[in-house]
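A structural walkthrough
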Amino acid sequence: MSKGTLFDKVWNNHKVGTLPSGQTQLFIGLHLTHEVTSPQAFAMLRERNLKVLFPDRTVATVDHIVPTQNQARPFADTLAEEMMQALEQSVKEHGIRFYNVGSGNQGIVHVIAPEQGMTQPGMTIACGDSHTSTHGAFGAIAFGIGTSQVRDVLASQTLALEKLKVRRIEVNGNLRPGVYAKDAILHIIRKLGVKGGVGYAYEYAGTTLEQMSMEERMTICNMSIEGGARCGYVNPDRVTFDYLQGRDFAPQGESWDKAVQWWESIRSDADAEYDDVVVFKAEEIPPTVTWGITPGQGIGVDEVIPTPESLPDGDRPLAQEAYQYMQLEPGKAIAGTPIDVCFIGSCTNGRLSDLREAAKFAQGHQVAPQVKAFVVPGSEVVKQQAEAEGLDKIFTEAGFEWRNAGCSMCLAMNPDKLEGDQISASSSNRNFKGRQGSSSGRTLLMSPAMVVAAAISGQVSDVRKLL
């Protein structure tokens, strides 16, 4: 095993060769697909009379366009139904494992692969979805890819990629009560910028990360792409192994012991050299809310919306655009901003631990009468587990709608959309213009607990007041 960072070790283990372009031809161990970016890729294979090279290394589900209320087929949205049928035909044609609605294992692609134990340390993983970096929480190197690259992986099980630099991001200490992994990653992106990670893989480390659960680590790695990084990862440890043990696709028996030994060997070495190191103190991270139109435009819930004068010259044009689009006033407190819609879900914060934490704050309270609030489990498994624990009843008694699994209002390629210039408190990952289904809809990103606080009060509120 070569010395260095986990990124270097995994990259070198999967390097097939160097292409004339200077890029690495990298073998992809696991390919995840869904109904949005795969139909065109499968069509490209048919045009070239190509087969899927390793169908057993590809797994498909449906998530982006799936309705979270009425899931009767055919879907009311004819385009959504066409995409579903295209994927159903392709997986049947190529013999690909498929988790369809009602299978018991359908859900957001970045939720189902970890919960099934498919995502494992030392792997290379690709998916036609930006937030594939989620899987790096396990010590995997995971890339979001475009449609033509989906085709390349289907046909060759490889990708042509430039090798990245590695930035180590340390967070040390204890997060304060009411502060979560979502706040930590929003804070990191705020400080390093949405372009700060361009050309880098982010290695997340430090005592804060070591204390985090796998689901919290997934939240951190999920939003690496929002900071410009191509991927993000955490070195595997006992937390990783305990999460994986006994899951359907995890190694069993003697194979398990050998796997753990191997996984431990790929951790970054103590003397590994990094291209950059950045250190944060956990106690300095506040409950964080975005006020603008990028995930980097975030502030502590007790701060005011930045004025142009307080920002670097280069940030001012985007800030002016954000003030106008978001209809928010510089210098005014973000707390107290009225909220129309509250959404808990997505590949960032739709896992069981997210729903448990949100339910703690929802219990005994009522959603404000003017607010539409709903909870969307990240998978059918999460939904079943949450219902077994009675979380659905806590939410519905508080006035939240309880939905079926899917991406829902994270990007609104389904019936869950904002209307007009509604403003949403969202536990998802992107607050771009029009992201939640309305060309003038406005999104404030925050933790699931903060979304509950907003739902109850009808405005942006500090969840610590509910503690």
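Residues numbered from 1 in each chain as written. Predicted model: local features only at pLDDT ≥ 70, side-chain atom pairs only at ≥ 80, totals over all residues. Heavy atoms only, no water.

In the nomenclature of an unreviewed UniProt entry, the chain corresponds to 3-isopropylmalate dehydratase large subunit from the organism Roseofilum halophilum BLCC-M91. Of the chain, the UniProt comment under Function (unreviewed entry) reads exactly: "Catalyzes the isomerization between 2-isopropylmalate and 3-isopropylmalate, via the formation of 2-isopropylmaleate." Regarding the chain, the relevant UniProt record gives this comment under Pathway (unreviewed entry): "Amino-acid biosynthesis; L-leucine biosynthesis; L-leucine from 3-methyl-2-oxobutanoate: step 2/4." (UniProt positions renumbered as here; feature names shortened; annotations may be inferred.)

We now examine the UniProt feature "binding site: [4Fe-4S] cluster" (unreviewed entry) in the chain. The feature "binding site: [4Fe-4S] cluster" (unreviewed entry), as given by UniProt, occupies Cys347, Cys407 and Cys410 in the numbering adopted here. Taken along the chain, the residues just named run across 64 residues; in space they keep tight, none of their C-alpha pairs more than 8.7 Å apart. For Cys347, the position within the fold is in helix H12 (residues 346–349). Looking at Cys347, the relative accessible area reads 7%, which means it is buried. (Helix = DSSP H or I, 4+ residues; strand = E, 2+ residues; numbered from the N terminus. Buried < 20%, exposed > 50% of the residue type's maximum accessible area, 1.4 Å probe, protein only.)

This part covers the environment of Val194. You can see Val194 is positioned in the loop between helix H6 (181–192) and strand S10 (200–205). Residue classification places Val194 among the partly exposed residues on the basis of a relative accessible area of 29%. Sequence separation between Val194 and Thr158 is 36 residues; the distance between their C-alpha atoms is 28 Å. Setting aside chain neighbours within four positions, we find Val194 in contact with Ile189, Glu226, Gly227, Gly228, Thr294, Pro295 and Gly296. (Contact = heavy atoms within 4.5 Å.)

Right, let's talk about the environment of Val36 for a bit. For Val36, the position within the fold is in the loop between strand S3 (30–33) and helix H2 (38–47). Those residues in contact with Val36 that lie beyond four places of it in its chain are His64, Ile65, Met83 and Met413.

If you add up the space inside the largest pocket, you get close to 460 Å³. Elements that contribute at least two residues to the lining of the largest pocket include exactly H6, strand S14 (298–300) and helix H11 (316–326). Each residue belonging to the lining of the largest pocket can be placed in one class, and the counts come to nine nonpolar, seven polar and four charged. Taken domain by domain, the makeup of the lining of the largest pocket includes at least three residues from each of domain 2 (165–284) and domain 3 (288–466). (1 Å grid on protein atoms, 1.4 Å probe; cavity = no way out; pocket = protein on both sides within 12 Å on 5 of 7 lines; lining within 4 Å. Points joined across faces, edges and corners; volume = space filled by probe spheres on them. Nonpolar A, V, L, I, M, F, W, Y, C, P; charged D, E, K, R; others polar. Domains from an automatic or database assignment.)

Moving on, we come to the nonpolar core. In summary, soluble globular proteins display a tendency toward joint burial of nonpolar side chains. One finds Trp291, Cys342, Leu355, Phe395 and Phe400 to be the most contacted residues of the largest nonpolar core, which totals 56 residues. Those elements giving two or more residues to this core turn out to be H11, strand S15 (341–344), helix H13 (352–362), strand S16 (372–375), helix H14 (380–388), helix H15 (391–398), strand S18 (423–426) and helix H16 (448–457). The biggest single contributor to this core is H16, with eight residues. The contact partners of Phe395, leaving out residues within four places of it in the chain, are Leu355, Ala358, Ala359, Ala362, Val375, Phe400 and Trp402. Residues Ile28, Leu45, Val52 and Ala60 belong to the second largest nonpolar core, which totals 37 residues. (Core = buried A, V, L, I, M, F, W, Y, C linked by side-chain atoms within 4.5 Å.)

Another aspect to go through is the pattern of salt bridges. By the definition in use, this model includes 24 salt bridges. With its nearest N and O atoms 3.1 Å apart, the salt bridge here joins Arg46 to Glu93. With Arg46 in helix H2 and Glu93 in helix H3 (residues 78–94), this pair connects stretches of sequence that are 47 residues apart. Classification of Arg46 as partly exposed rests on a relative accessible area of 35%. Classification of Glu93 as partly exposed rests on a relative accessible area of 38%. Here Lys360 ties to Glu357 by a salt bridge, and the two come within 3.0 Å at their closest N and O atoms. Within this pair, Lys360 and its partner Glu357 are both found in helix H13, separated by three residues, close to a single helical turn. Looking at Lys360, the relative accessible area reads 57%, which means it is exposed. A network of salt bridges, in which partner residues are shared, links Lys372, Glu401, Arg403 and Asp416. (Salt bridge = Lys/Arg side-chain N within 4 Å of Asp/Glu carboxyl O.)

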